[in-house]
Amino acid sequence: MRVLVVGSGGREHALCWALAASPLLDALFCAPGNPGIAALATCVPIDALDIPALVACARAERIDLVVPGPEAPLAAGLADAMAAAGIACCGPSAAAARLESSKGFTKEICAAAAIPTAAWDICGSADAARAAIRRRGAPVVVKADGLAAGKGVVVAATEAEALAAVDTLAALGDAFVIEECLVGAELSFFALCDGVHAIPLGGAQDHKRVGDGDRGPNTGGMGAFSPVPALTPALQDDIMARIVRPTLAAMAARGTPFRGILFAGLMLTADGPKLIEYNVRFGDPECQALLLRLRSDLLPALVAACEGELDHFDLRSYDHAAVAVVLAARGYPDAPQRGTPIRGLDAAAALPGVQLFHAGTARDPSGALVAAGGRVLTVCALGATVTEARTRAYAAVAAIDWPGGFCRRDIGISF
Ligand code: AMP
Ligand code: GLY
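Notes on the structure in this doc start here. Quick caveat, the model's predicted, so the values are computed rather than measured.

Definitions and cut-offs
Sequence order as written defines residue numbering, which begins from 1 separately in each chain. All chains are assigned letters beginning at A, and all ligands numbers beginning at 1, according to the order in which they are written. Where totals are concerned, whole chains, interfaces and linings use all residues; where local detail is concerned, this predicted model gives features only for residues with pLDDT of at least 70, and gives and counts side-chain atom pairs only at 80 or more. Side-chain figures throughout are based on the complete set of non-hydrogen atoms in the structure, without hydrogens or water. We define proximity as follows: a residue is near a molecule or strand when any one of its heavy atoms falls within 4 Å of that partner. Two N or O atoms count as a polar contact when they lie within 3.5 Å, although within protein this holds only if one can serve as hydrogen donor and the other as acceptor, and sequence-adjacent residues are included solely when both atoms are side-chain atoms. All accessible areas in this document rest on Shrake-Rupley with a 1.4 Å probe, and a residue is counted as covered only by the protein chains that are shown. Each residue gets one label: Ala, Val, Leu, Ile, Met, Phe, Trp, Tyr, Cys and Pro are nonpolar, Asp, Glu, Lys and Arg are charged, and the others, such as Gly, are polar. Strand pairing is assigned whenever DSSP detects at least two bridges linking the two strands. Strands here mean DSSP runs of E at least two residues long; helices mean DSSP runs of H or I at least four residues long; both are numbered from the N terminus. We call two residues in contact when some of their heavy atoms are within 4.5 Å. Each axis is a line fitted through C-alpha atoms, and for a helix only the stretch in contact is used; angles between axes span 0 to 180 degrees, taken between their N-to-C directions. Relative orientations are named as follows: roughly parallel for angles under 35 degrees, roughly antiparallel for angles over 145 degrees, roughly perpendicular for angles from 65 to 115 degrees, and oblique for any other angle. Each crossing gets its handedness from the near helix: less than a right angle anticlockwise from the far helix is left-handed, clockwise is right-handed. Each residue is assigned to one of three classes by its accessible area relative to the maximum for its type, calculated with a 1.4 Å probe on protein chains only: buried under 20%, partly exposed between the two thresholds, exposed over 50%. By definition, the crossover connecting two strands over a helix is right-handed if that path, from the first strand to the second, turns clockwise as seen with the strands pointing away from the viewer. One speaks of a salt bridge when a side-chain nitrogen belonging to Lys or Arg is within 4 Å of a carboxyl oxygen belonging to Asp or Glu. Residues belong to a common nonpolar core when they are buried Ala, Val, Leu, Ile, Met, Phe, Trp, Tyr or Cys residues joined through side-chain atoms within 4.5 Å.

1. Digging into the site of ligand 2
Reasoning step 1: The full set of residues close to ligand 2 is D206, G220, F263, R281, G283, D284, P285 and E286.
Reasoning step 2: Within the side chain of D206, an N or O atom sits 3.0 Å from a nitrogen atom of ligand 2.
Reasoning step 3: A distance of 3.0 Å separates an oxygen atom of ligand 2 from a polar atom in the side chain of R281.
Reasoning step 4: If ligand 2 stood free it would expose 200 Å²; the protein chains cover 87% of that surface.
Reasoning step 5: Looking at the shell around ligand 2 residue by residue, the classes come out as two nonpolar, two polar and four charged.

2. Focus on the sheet that holds strand β4 (residues 65–68)
Reasoning step 1: Read across the sheet, five strands follow the order β3-β2-β1-β4-β5 without closing on themselves; strand pairing throughout is parallel. Each of the sheet's edge strands pairs with one partner strand only, and the pair in question is β3 (42–43) and β5 (88–89).
Reasoning step 2: Where strand β2 (residues 27–32) lies against β3, two bridges are found, and the strand directions are parallel. Along β3, the bridge assignment pairs C30 with C43.
Reasoning step 3: Across the face of the sheet, helix α1 (residues 10–20) comes into contact with β1 (2–7), β2 and β4 while running at roughly 165° to β1.

3. Some points on the environment of P333
Reasoning step 1: With respect to the helices and strands, the residue P333 is situated in the loop between β17 (321–329) and α12 (345–349).
Reasoning step 2: Separated by 34 residues in the primary sequence, P333 and G367 have C-alpha atoms spaced 26 Å apart.
Reasoning step 3: Non-local contacts of P333, meaning those with residues more than four positions away in its chain, are made with V210, P217, N218 and T219.

4. A few points about the packing of α1 against helix α10 (residues 286–293)
Reasoning step 1: Closest axis-to-axis distance for the α1/α10 pair is 8 Å, and the angle between their directions is 15°. Taken together, the axes of α1 and α10 lie roughly parallel to each other. Of the two elements, α1 crosses α10, and the hand of that crossing is left-handed. Taking contact as the criterion, the partners of G10, R11, A14, L15, W17 and A18 in α1 are, on α10, C287, Q288, L291 and L292.
Reasoning step 2: Residues belonging to the contact of α1 with α10 are distributed by class as follows: seven nonpolar, two polar and one charged.

5. What about the pairing of β2?
Reasoning step 1: The element β2 is largely enclosed, with a buried count of five among its six residues.
Reasoning step 2: Pairing geometry for β1 and β2, over six bridges, is parallel. Residue G7 lies in a different strand from β2, and its bridge partner there is P32.
Reasoning step 3: On the question of chirality, the crossover connecting β1 to the parallel β2 by way of α1 is right-handed.

6. Details of the environment of I133
Reasoning step 1: Mapped onto the secondary structure, I133 falls in helix α7 (residues 126–136).
Reasoning step 2: In sequence terms I133 and I122 are eleven residues apart; their C-alpha atoms lie 11 Å from each other.
Reasoning step 3: Excluding its chain neighbours within four sequence positions, the residues that come into contact with I133 are V140, V142, E159, A162, L163, V166 and I178.

7. Notes on the pattern of salt bridges
Reasoning step 1: The tally for this structure, following the rule as stated, stands at 18 salt bridges.
Reasoning step 2: A salt bridge links E108 to R254; the nearest nitrogen and oxygen atoms lie 3.4 Å apart. Pair noted here: E108 is in helix α6 (residues 103–113) and R254 is in the loop between α9 (233–253) and β15 (259–269), with a separation of 146 residues, a long-range link.
Reasoning step 3: Of the charged contacts, one joins D127 and R130 as a salt bridge, the two residues approaching to 2.8 Å between their closest N and O atoms. In this pair, D127 and R130 both sit in helix α7, three residues apart, roughly one turn of the helix.

8. Digging into the site of ligand 1
Reasoning step 1: Around ligand 1, 15 residues are found, and the nearest of them are E179, E180, L182, E186 and E277.
Reasoning step 2: In this structure, a nitrogen atom belonging to ligand 1 sits 2.8 Å away from a side-chain N or O atom of E179.
Reasoning step 3: Separating an oxygen atom of ligand 1 from a side-chain N or O atom of E186 is a distance of 2.3 Å.
Reasoning step 4: Contact with the protein chains removes 88% of the 470 Å² of surface that ligand 1 exposes when unbound.
Reasoning step 5: Every element with two or more residues in the shell around ligand 1 is listed here: β7 (140–144), β8 (153–156), β9 (176–180) and β16 (272–279).
Reasoning step 6: For the shell around ligand 1, a count of residues per class yields eight nonpolar, no polar and seven charged.

9. Some thoughts on the pairing of β7
Reasoning step 1: Of all five residues in β7, five are buried; the element is thus mostly enclosed.
Reasoning step 2: Here β7 shows a buried face lined by V140, V142 and A144 and a second buried face lined by V141 and K143.
Reasoning step 3: In the sheet, β7 pairs with β8 via four bridges, with the strands oriented antiparallel. Within the sheet, the bridge partner assigned to V142 lies in β8 and is V154.
Reasoning step 4: In this sheet, β9 lies alongside β7 in antiparallel orientation, the contact comprising five bridges. Pairing of V140 across the sheet is with E180, part of β9.

10. Digging into the nonpolar core
Reasoning step 1: The biggest cluster of nonpolar side chains holds 51 residues, and the ones touching the most others in it are L4, M82, L99, F189, I239 and F258.
Reasoning step 2: Among the elements that line this core, the one with the most residues is α9, at eight residues.
Reasoning step 3: The residues touching L99, leaving out its near neighbours within four places in the chain, are F105, T106, I109, T247, M251, F258, L262, Y278 and V280.
Reasoning step 4: C16, C30, C90 and L192 belong to the second largest nonpolar core, which has 44 residues in total.

Encoded structure:
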């Protein structure tokens, strides 16, 4: 098979790494890719949002399967454009990608399918949002409706903080969701879906804030680990039965079946798992941790998802634990410093159980590797336990010579 992966981060490098191991793969392309991906795939210099150019490339390279990494091309209609060109794409249509791009839409689906989630009000103006906050009282959660790159949510401890959040978030638009504040441990849960059927891909815990002890500003994710001890087989069955499958049924009933990776952000409350939000793609860096543990061939599973045949499928993972530590450029997330040299990757990658994935890296004119983004590398390791995987991942971090970078020191420890 000839496969085109879309994106350029650590998640896409991990997808390329997993796909490259498949005996079914004949040729691998990535748009636009990165220097790490270039060792596994032919990188084509097309922006992930340039849908006409992606379709032209898929046609020219006789691509059998497109594997999108990020959400933005999906929300912009990448899967629809590939479908129109007769090319299989393992991601949702723009209509189904609204599960991520519109929080209000997700709440409608929750209502239609009785999916456990925080109680909510959808508000079409700042005044309506303020009224809903006063009605609910604190603590309360204020969200801008729409893709806001992780910046559209404020968990407010007081009513004053919530009202101030409405003023700040008004810059993102007039639509708000005001929610009951859920209490519990968070879990990222992933399922592969074919529009009708879904199979679990497992769970991971993300570390979203930039600093140790989960302090400082929110980021795309500073690290992750899998498996999560709280995700027992019984809890996984419960999540599939009460959250994932009813969502698929509601989406299909609306004529917008969901195909691709469904990422459920869950709160494990005293009343059971509740949905915080959906994403319509793998998490980054959760994907790196999950794929390191995956024992089955990913490629036929993605093909089965496109062909509506996941009911015949089962994906197996190793019992081993995986830890993914993000190395970011100093200044991330506000103003990451670019251009600093990175050395020692070969020595780090040769350590036991270690796998390195590139994100914001580039080659300078001499061919040397330099930082070119916020999140620059994901340093991953497998181990018999999370503790062993952590030790191995941090040994690899220590072997990397990059004074311009930093990482959290507590990835793999639950809070
Ligand atoms: P989101 O962008 O929807 O993932 O929200 C970002 C973070 O805000 C989540 O990971 C949670 O930590 C928190 N959050 C969102 N909604 C709620 C809620 N209803 N109750 C408590 N925390 C929430
Ligand atoms: N790591 C969180 C995300 O990818 O959305």
